[in-house]
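Residue strings, one per chain:
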Amino acid sequence: MTPVVLIAEELAPAALDVLAHDFDVRHVDGTDRPALLSALAEADALIVRSATQVDAEAIAAAPRLKVIARAGVGLDNVEVAAATARGVMVVNAPTSNIVSAAEQAVALLLAVARNTASASAALKAGEWKRSKYTGVEIQGKTVGVVGLGRIGVLFAQRMAAFGTRLIAYDPYVQPARAAQLGVRLVGLEELLRESDFISIHLPKTPETVGLIGEKELALVKPGVRIINAARGGLIDEQALANAIAEGRVAGAGLDVYAKEPCTASPLFAFDNVVATPHLGASTVEAQDKAGLAVARSVKLALQGEFVPDAVNVQAGGVVAEDVRPLLPLAEKLGKVFTAVAGGVAASVTVEVRGEIVANDVSVLKLAATKGIFASVVEEQVTYVNAPLLAADRGVTVELTTHAETTEHTNLVTVHGALPDGRTVRVSGTVVHSGTRDAIRLTEVDGFDLELGADGILLFFRYADRPGVVGTVGSILGEAGVNIAAMQVARREAGGEALMTLTVDSAVAADLLGSAADAIGAVAASAADLRDEV
């Protein structure tokens, strides 16, 4: 069945093109609640902007839902906790508006410096008063940047072109990094005392709310102009209004407010305050970038791949290109581990070896956890809810890395202890062959293998003796099960052996049991390693 992507708000044509060829794209008015809930019944993915409310009720109405995508930065209209509990991935477009937001801050700074908005309003009202709206130049002035994140850096780069002196406050940025940008790091108080212009570029957190209040505004350089196009509430708006009224602050440019929508504020009474209704991301380009970014994320999610912009995945972040091929390896090893173990382990360790560990490989622990629980629970197991499933069952999953190389370029091992004291160990690698990455099993519970980790694998553990392979082959053949590949591993002749078969179709539990009984196997299990459709 072709996955259904439900689009609840307008999306750029380029974003629709990303989805059109692989999915059944449907549209609904997200603000029409009954229509939305009805359409969600068949949706595998939902794309919204800001008007559609995606709460627990909406998520419950979508039993097939795998991903919710917000074509923008904020997620105020998405109940992320409810989505996480259901294993539904939530993605947004965190970098889609960074250029637009930086440019909006620059626009506000210029408008405040030259009294553009009030002069324009006066002229349109029939007044020609040039001297009343005399402004200041930016060249040679000190610009203080509060927050050197992605938007703060873009803002600083643009202000450098005006010939300004740049200083910044950001306790999480190293001085060397700031120096590369031509910015000198200072403390907040020094920034307040020295800056002719201050622009804020911080996220809204408990630590940053009210960062600039009455106390801080008492320290500012007289005549300073303050810009906030980041988040409302970072500046105490009443304290700022008082500072403007007293003449300590010469003007302000605001795009965000503590409470939005905001149509009344003591700051709106001043001609030297330029106020806009949260237009930071309101450009054609930013909206198009957001739609395109989430469309790509939805495509990745529905194809079962890792999504860097997922906000409720524990290993969220950019996955190095060298690490990506190991994601399906780790997941398949998790599936084999559970199959061989025959139940849920008490603790699991994911071990990664080789030069690959020079990268952040934490996502491999998440992929292995996803595989471990794939056949254990009835619900859909995803990168989102896999850690929750482990925690609910008291299973600890750890990650260890070793740079030492083995006979393989990279090696991933999943090993763990079962409640009865047994230990299970499975290993695998990715072999680069031409344009294709091939996943190989290299060890199962102490037996060395060299077998492709594809399709449906059957494992039989038994006493090595003649005729066993033929017996199993005959039983499967009579049941219409075709064997695609087979390998027997043993430590010594006549000792314990492990037979691993790759078959083309699922094998019922009773058929697997019959084959095991026929050869006197001490253990038999199956692992479905077919790629998810």
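Here the structure is shown first, and the text comes after it.
Report on the accompanying structure. Everything quoted here is computed from the prediction, not taken from an experiment. (Residues numbered from 1 in each chain as written. Predicted model: local features only at pLDDT ≥ 70, side-chain atom pairs only at ≥ 80, totals over all residues. Heavy atoms only, no water.)

1. Here's the deal with a nonpolar patch on the surface
The grouping of Val469, Ile483, Met486 and Val488 at the surface amounts to a nonpolar patch, some 270 Å² of accessible area in total. Among the elements that line the nonpolar patch, the one with the most residues is strand β20 (residues 483-490), at 3 residues. Mapped onto the elements, Val469 comes out in helix α16 (residues 468-478). Val469 gets classed as partly exposed once you look at its relative accessible area, which sits at 35%. (Patch = residues over 30% accessible without salt bridge, like charges linked within 9 Å, V, L, I, M, F, W, Y side chains within 5 Å. Areas by Shrake-Rupley, 256 points an atom, 1.4 Å probe, with all protein chains shown as cover. Salt bridge = Lys/Arg side-chain N within 4 Å of Asp/Glu carboxyl O. Helix = DSSP H or I, 4+ residues; strand = E, 2+ residues; numbered from the N terminus. Buried < 20%, exposed > 50% of the residue type's maximum accessible area, 1.4 Å probe, protein only.)

2. Quick notes on the pattern of salt bridges
Throughout the structure, instances matching the rule amount to 26 salt bridges. A salt bridge links Glu246 to Arg248, with the nearest nitrogen and oxygen atoms 2.7 Å apart. By relative accessible area, Glu246 is classed as exposed at 54%. Between Arg491 and Glu496 there is a salt bridge; the shortest N-O distance is 3.9 Å. Taken together, the shared-partner salt bridges in this structure form one network comprising Glu351, Arg353, Glu404, Arg425 and Glu443.

3. Focus on unusual backbone geometry
What is expected of a backbone is that most residues other than glycine have negative phi and most peptide bonds are trans. In this model, Glu260 is joined to Pro261 through a cis peptide bond whose omega is 0 degrees. Here Pro261 lies in the loop between β11 (249-254) and β12 (273-275). Although it is not a glycine, His278 adopts a positive phi angle of roughly 50 degrees. Considering the arrangement of structural elements, one finds His278 in the loop between β12 and α12 (284-302). Here Asp445, not a glycine, exhibits a phi torsion of approximately 55 degrees, which is positive. Summarising the element assignment, Asp445 is placed in the loop between β17 (436-444) and β18 (447-452).

4. Considerations on the pairing of β18
Across a regular strand the side chains alternate sides, sitting on one face of the sheet and then on the other. Only one face of β18 is covered, namely the one carrying Phe447, Leu449 and Leu451; the face carrying Asp448, Glu450 and Gly452 has none of its residues buried. Relative to β18, β17 runs antiparallel, the two being bridged by 4 bridges. Looking across to β18, one finds that Leu441 is bridged to Leu451. Taken together, β17 and the strand that follows it, β18, pair antiparallel across an intervening segment of 2 residues, in which Asp445 is found at a positive phi of about 55 degrees. (Pairing = 2+ DSSP bridges.)

5. Quick word on the nonpolar core
If you look at the biggest cluster of nonpolar residues, it comprises 79 residues, and the most contacted ones within it are Met89 and Leu364. Tallying contributions element by element places helix α13 (residues 326-341) first for this core, with 10 residues. Apart from the residues lying within four places of it in its own chain, the contact partners of Met89 are Lys66, Val67, Ile68, Ala301, Val307, Ala310, Asn312, Val313, Tyr383 and Val384. Within the second largest apolar cluster, 30 residues are counted, among which are Val224, Ile235, Leu240 and Ala252. (Core = buried A, V, L, I, M, F, W, Y, C linked by side-chain atoms within 4.5 Å. Contact = heavy atoms within 4.5 Å.)

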